[in-house]
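If you want the building blocks of each chain, they are given just below.
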Amino acid sequence: MRSRVRKKRPSVGWRMISALLLVVILIASGTTGYAFLRLQQTADGFITPLKGKEKLPLETMRPANVLLIGVDERKNNPGRADAIMLLSFNPKTKQATSLSIPRDMQVTLKDGAKTKINHTYAYGGVEETIETVEQTFDVKIPYYAKINMEGLIELVDAVGGVTVDNPSAFSWNDRRLQKDYAEGEIKLDGLEASGYARMRKQDPLGDMGRQIRQRQVLEAVGMKLAGPDILTNLEEVSRVLKNNFNTNITFSEAAQLTQENQSGFERLKPLKLEGEGYIASDGVWYFFASDHSMQATKQTIHEITDQQAK
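Quantities reported herein were computed from a predicted structural model and do not represent experimental measurements.

Trainee: Tell me what's going on with the overall build of the protein chain, and back it up with residues and numbers.
Mentor: Of regular secondary structure, the protein chain possesses nine helices and 14 strands. Residue burial in the protein chain is summarised as follows: out of 310 residues, 52% are buried.

In structure tokens form, the structure reads like this:
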């Protein structure tokens, strides 16, 4: 008999990881002159191919999937995937969607073992996480981007902070930050931007409100990266990216993705897995996606990317 506990909304981590793709895209399409050359040189340090997997060239006007991974890495500890997001887009149909995968979701590994999806990164790095997502959702994922979450906070600081228009006042309190966020235009440093983007419970729109605030922060970081003031903070931005960021998306591929999918990005529709959480027979708390939600989610992704659902 399985032991039930109070139903808990699954934690999906800090979905600001979509900044990963944004960073590559904006460096490729927004910066110019010396800044472009300097950041392009920095890219040599974070362009990391997937082991044992040949990456085919990005075809013109073809659908694509990108997996974004935010990890919590520490010294002598490989860390776990705190946040996992699958981006899917089709430039021909001008469609795009994102799926934030609950970190506690139970998945089956290729050897048949059951585990939480965020543990896959500790077991086998980016490759294991990608393979598990591919198997779970019946998709092919040729592209990824990964960042250490502390590095994303550093990136906001490296660009000199960001300014956002807060739709409603709220308070944030965790072990590192206690702050009251006023309504209206406010300037945030890295930690403050983290709290701003993560708050959900006090937002009248709930999770949708959080996604809106996350997008505000992403756009603000993007504007700084593509703006003329990037030269002032160029060395620090380069250092943060080199130490915390890895991807197999090249500059030319990022530029192509930007050009072909601009309409889709602007109308991106987020997907949400429905289900419940409880303690399983192994004594571990998992999130279990419902069969109906899994099938509907896979069908949507397959329709966008022209892949046949299994």
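There is more to say after this.
Trainee: Could you give an account of empty space enclosed by the protein, naming the residues involved and the relevant values?
Mentor: What the rule picks out here adds up to one cavity of 30 Å³ or more. In this structure, the largest cavity spans a volume of roughly 40 Å³. Taken together, W172, D174, R176, L177, L191, S194, G195 and R198 make up the full set of residues lining the largest cavity. Sorting elements by how many residues they give to the lining of the largest cavity places helix α5 (residues 190-198) first, with four residues. When the residues that make up the lining of the largest cavity are grouped by side-chain class, the tally is three nonpolar, two polar and three charged.

Trainee: For the nonpolar core, give the residues involved together with the corresponding values.
Mentor: In terms of nonpolar packing, the biggest core is built from 40 residues, with Y181, L188 and Y196 touching the most fellow members. If you tally residues by element for this core, the top one is helix α4 (residues 149-158), at five residues. When near neighbours in sequence (up to four residues on either side) are disregarded, Y196 contacts V164, D165, N166, P167, F170, Y181, I186, L188, R213, Q216 and V217. The next biggest cluster of nonpolar side chains, apart from the first, holds 26 residues, and it includes L67, I69, L99 and M105.

Trainee: A description of unusual backbone geometry should follow, citing residues and the corresponding values.
Mentor: The residue M61 is not glycine, and still its phi comes out positive at about 55°. Despite not being glycine, K94 shows a phi value in the positive range, around 55°. On the secondary structure map, K94 appears in the loop between β2 (81-90) and β3 (95-101).

Trainee: Which residues make up the packing of aromatic side chains, and what values go with them?
Mentor: How two aromatic rings sit relative to each other is given by the distance of their centres and the angle of their planes. For the structure on display, the rule yields five aromatic pairs. Here the aromatic cluster, defined as three or more aromatic residues joined through ring pairs, consists of F170, Y181 and Y196.

Trainee: Please set out the pattern of salt bridges residue by residue, giving values where relevant.
Mentor: By the definition in use, this model includes seven salt bridges. Residue K179 is joined to E192 by a salt bridge in which the shortest nitrogen-to-oxygen separation is 3.7 Å. Taken together, the residues span a long stretch of sequence, with K179 in strand β9 (residues 178-181) and E192 in helix α5 at a distance of 13 residues. Residue class for E192 comes out buried when judged on its relative accessible area of 18%. Note that E236 and R239 form a salt bridge whose closest N and O atoms lie 2.6 Å from each other. Taken as a pair, E236 and R239 lie in helix α7 (residues 234-244) at a separation of three residues, close to a single helical turn. Using a relative accessible area of 35% as the deciding quantity, one classes R239 as partly exposed. Taken together, the salt bridges that share partners define one network made up of E154, E236 and R239.

Trainee: I'd love a proper account of the packing of α4 against α5, names of residues and values included.
Mentor: Helix packing geometry: the angle between the two helix axes and the distance between the axes. Between α4 and α5, the shortest axis-to-axis distance is 7 Å and the interhelical angle comes to 120°. The angle between α4 and α5 places the two elements in the oblique class. Crossing geometry of α4 relative to α5 is assigned as right-handed. The residues of α5 that touch α4, namely those facing I153, V156 and D157, are G190, L191, A193 and S194. Grouping the amino acids of the contact of α4 with α5 by side-chain chemistry returns four nonpolar, two polar and one charged.

Trainee: If you had to explain α5 to someone new, which residues and values would you point to?
Mentor: One turn of the α-helix equals 3.6 residues, which is why residues spaced by three or four share an orientation. Burial of α5 is extensive: seven of the nine residues sit out of reach of the surface. Along α5, the residues classified as buried are G190, E192, A193, S194, G195, Y196 and A197. The N-cap of α5, judged by a side-chain oxygen 3.3 Å from the amide nitrogen of L191 a few residues on, is D189.

Trainee: Give a description of the side chain of N65 that names residues and reports values.
Mentor: Within the secondary structure, N65 is located in strand β1 (residues 64-71). According to the relative accessible area criterion, N65 is buried, its value standing at 2%. A polar contact is formed between the side chain of N65 and the side chain of S88, at a distance of 2.6 Å. Within the local environment of N65, its side chain forms a polar contact with the backbone oxygen of K140, the two atoms lying 3.0 Å apart.

Trainee: Could you give an account of helix α9 (residues 291-305), naming the residues involved and the relevant values?
Mentor: Compared with an ideal rise of 1.5 Å per residue, which puts 15 residues at 21 Å, α9 spans 21 Å between its outermost C-alpha atoms and is within 8% of the ideal. Here the buried face of α9 lies against β1, β2, β3, α3 (120-137), β12 (269-271) and β14 (285-289). Among the residues trailing α9, D306 stands out with phi positive, at a value near 65°.

Conventions we followed
- Residues numbered from 1 in each chain as written.
- Predicted model: local features only at pLDDT ≥ 70, side-chain atom pairs only at ≥ 80, totals over all residues.
- Heavy atoms only, no water.
- Helix = DSSP H or I, 4+ residues; strand = E, 2+ residues; numbered from the N terminus.
- Buried < 20%, exposed > 50% of the residue type's maximum accessible area, 1.4 Å probe, protein only.
- 1 Å grid on protein atoms, 1.4 Å probe; cavity = no way out; pocket = protein on both sides within 12 Å on 5 of 7 lines; lining within 4 Å.
- Points joined across faces, edges and corners; volume = space filled by probe spheres on them.
- Nonpolar A, V, L, I, M, F, W, Y, C, P; charged D, E, K, R; others polar.
- Core = buried A, V, L, I, M, F, W, Y, C linked by side-chain atoms within 4.5 Å.
- Contact = heavy atoms within 4.5 Å.
- Phe/Tyr/Trp six-rings, centres within 6.5 Å; stacked < 30°, edge-to-face > 60°.
- Salt bridge = Lys/Arg side-chain N within 4 Å of Asp/Glu carboxyl O.
- Axes fitted to C-alpha atoms, helices over the stretch in contact; angles between N-to-C directions.
- Parallel < 35°, antiparallel > 145°, perpendicular 65-115°, else oblique.
- Left-handed = near helix turned anticlockwise from the far one by under 90°.
- Polar contact = N/O pair within 3.5 Å; in protein donor to acceptor, adjacent residues only side chain to side chain.
- Expected span 1.5 Å × (residues − 1).

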